[in-house]
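Coordinates in review
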Amino acid sequence: MNYEDVLQFWFSRTSKDKWFKNDQAFDDEIRRLFGRCWESACRGELFTWRENLYGRLAEIIVLDQFSRNLNRQSSAAWQQDGMALILAQEALKLEGWEYLTLDEKGFMLMPWMHSESVDIHEKAVELFAQLKGGSYAQSEREHREIILRFGRYPHRNALLGRASSADERDFLEKQRLSFF
């Protein structure tokens, strides 16, 4: 497995139509094609991919996005968020950012959006605002509002064994968030 395979798959026209959707067939395809790759990434074994910006992007997608696809309805969906965030933070220092497409930049920054830290979201708003086109900046603002309100993502509470407040329960009942 190499990082080019991940990027080619993720940014293909057929995959783009399935981003951010609950699609069991797509999840199964990721499991079949990249299940072992994901396990290697979770063990930190894809470190050679970090030698260039595209390899780092692929590792972030594996840790951030594939984790969610492979672990729906499980707390494991978010267990790699810290590693993905560190990789994304370090990526900002690498040369070549200007050559990435809008979607490549969006997914490079996605771990910032998935953080439950107010401090991280303060910087994320700035970073996503620099992306011209697409809905990444708006999505980050929506995510940040949830973190500012609750200090965490309430939709994760049950799977993480966290008790929800009355306000969180009310929010979850009333909001049908497309990005969760």
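For the structure, see preceding data.
Keep in mind the model is a prediction, meaning the values are calculated, not measured.

**Examining the overall build of the protein chain**
A tally of regular secondary structure across the protein chain gives 10 helices and 0 strands. Against the globule reference of 16 Å for 180 residues, the protein chain gives a C-alpha radius of gyration of 16 Å, in line with a compact fold. A burial count over the protein chain gives 46% of its 180 residues as buried. Here the analysis covers contacts within the protein chain between residues at least 6 apart in sequence; of these, 61% occur between residues at least 24 apart. Side-chain charges of the protein chain comprise 25 positive and 29 negative groups, with the mean position of each set lying 3 Å from the other.

**A look at the pattern of salt bridges**
If you walk through the whole model with that rule in mind, you get 17 salt bridges. Across the salt bridge formed by R50 and E59, the nearest N and O atoms sit 2.7 Å from each other. Note on E59: relative accessible area 0%, which makes it buried. When the shortest N-O distance is used, the salt bridge between D170 and K174 registers 3.3 Å.

**A few points about helix α8 (residues 136-150)**
Since there are 3.6 residues in each turn of an α-helix, residues three or four apart along the chain are aligned in direction. Helix length check: α8 (15 residues) gives 21 Å between terminal C-alpha atoms against 21 Å at 1.5 Å per residue, within 8%. Where α8 is concerned, the buried positions are Y136, A137, S139, E140, H143, I146, I147 and F150. Buried residues along α8 sit in contact with α6 (102-114), α7 (118-129) and α10 (166-174). One or two steps after α8, the chain reaches G151, where phi turns positive at roughly 80 degrees.

**Examining the environment of V118**
Along the polypeptide, V118 turns up in helix α7. Between the alpha carbons of V118 and L85 there is a distance of 14 Å; along the sequence they are 33 residues apart. Once residues within four sequence positions are removed from consideration, V118 is found in contact with I147 and L148.

**A closer look at the packing of α8 against α10**
Relative to each other, α8 and α10 sit at 155 degrees, their axes nearing to 11 Å. Accordingly, the angle class assigned to the pair α8 and α10 is roughly antiparallel. Across from I146, R149 and F150 in α8, the residues of α10 making contact are D167, E168 and F171. For the contact of α8 with α10, the class distribution of residues is 3 nonpolar, no polar and 3 charged.

**Focus: the nonpolar core**
V6, W10, I61, F66, F107, W112 and F128 are the most contacted members of the largest nonpolar core, which has 43 residues in total. For this core, the secondary-structure elements that each account for two or more residues are α1 (3-10), α3 (24-42), α4 (53-70), α5 (81-91), α6, α7 and α8. Here this core gets 9 residues from one element, more than from any other, and that element is α4. Contact partners of W10, with chain neighbours within four places excluded, come to S15, K16, W19, F26, I30, I61, Q65, F66, N69 and F107. Core analysis: the second largest hydrophobic core is formed by 5 residues, I146, I147, F150 and Y153 among them.

Conventions and cut-offs
- Residue positions are given per chain, counting from 1 as you read along its sequence in written order.
- Confidence filtering applies because this is a predicted model: local features only for residues at pLDDT of at least 70, side-chain atom pairs given and counted only at 80 or more, and all residues used for totals across whole chains, interfaces and linings.
- Here the side-chain values reflect all heavy atoms present in the structure, with hydrogen atoms and water set aside.
- Counting from the N terminus, the helices are the DSSP runs of H or I reaching at least four residues and the strands are the DSSP runs of E reaching at least two.
- When we talk radius of gyration, it's over C-alpha atoms, and the globule rule is simply 2.2 Å times the number of residues to the 0.38.
- The cut-offs for exposure are 20% and 50% of the maximum accessible area for each residue type, with area from a 1.4 Å probe on protein chains only; residues under the lower value are buried, those over the upper are exposed, and the others partly exposed.
- Note on contacts: a residue pair is in contact if any heavy atoms of the two residues lie within 4.5 Å.
- Only four residue types enter the charge count: Lys and Arg as positive, Asp and Glu as negative, with His and the chain ends excluded.
- Every charge is mapped to an atom, namely NZ of Lys, CZ of Arg, CG of Asp or CD of Glu.
- Definition used for salt bridges: Asp or Glu carboxyl oxygen within 4 Å of a side-chain nitrogen of Lys or Arg.
- One less than the number of residues in a helix, times 1.5 Å, gives the span that helix is expected to have.
- A fitted line through C-alpha atoms serves as each axis, taken over the contacting stretch for helices, and the angle formed by two N-to-C directions is quoted from 0 to 180°.
- Note on angle classes: values under 35 degrees are labelled roughly parallel, values over 145 roughly antiparallel, values of 65 to 115 roughly perpendicular, and the remainder oblique.
- Under the convention adopted here, Pro, Cys and the residues Ala, Val, Leu, Ile, Met, Phe, Trp and Tyr are nonpolar, Asp, Glu, Lys and Arg are charged, and Gly plus all remaining residues are polar.
- Residues enter a nonpolar core if they are buried and are Ala, Val, Leu, Ile, Met, Phe, Trp, Tyr or Cys, with the set joined through side-chain atoms within 4.5 Å.

In short, geometric facts, not functional conclusions.
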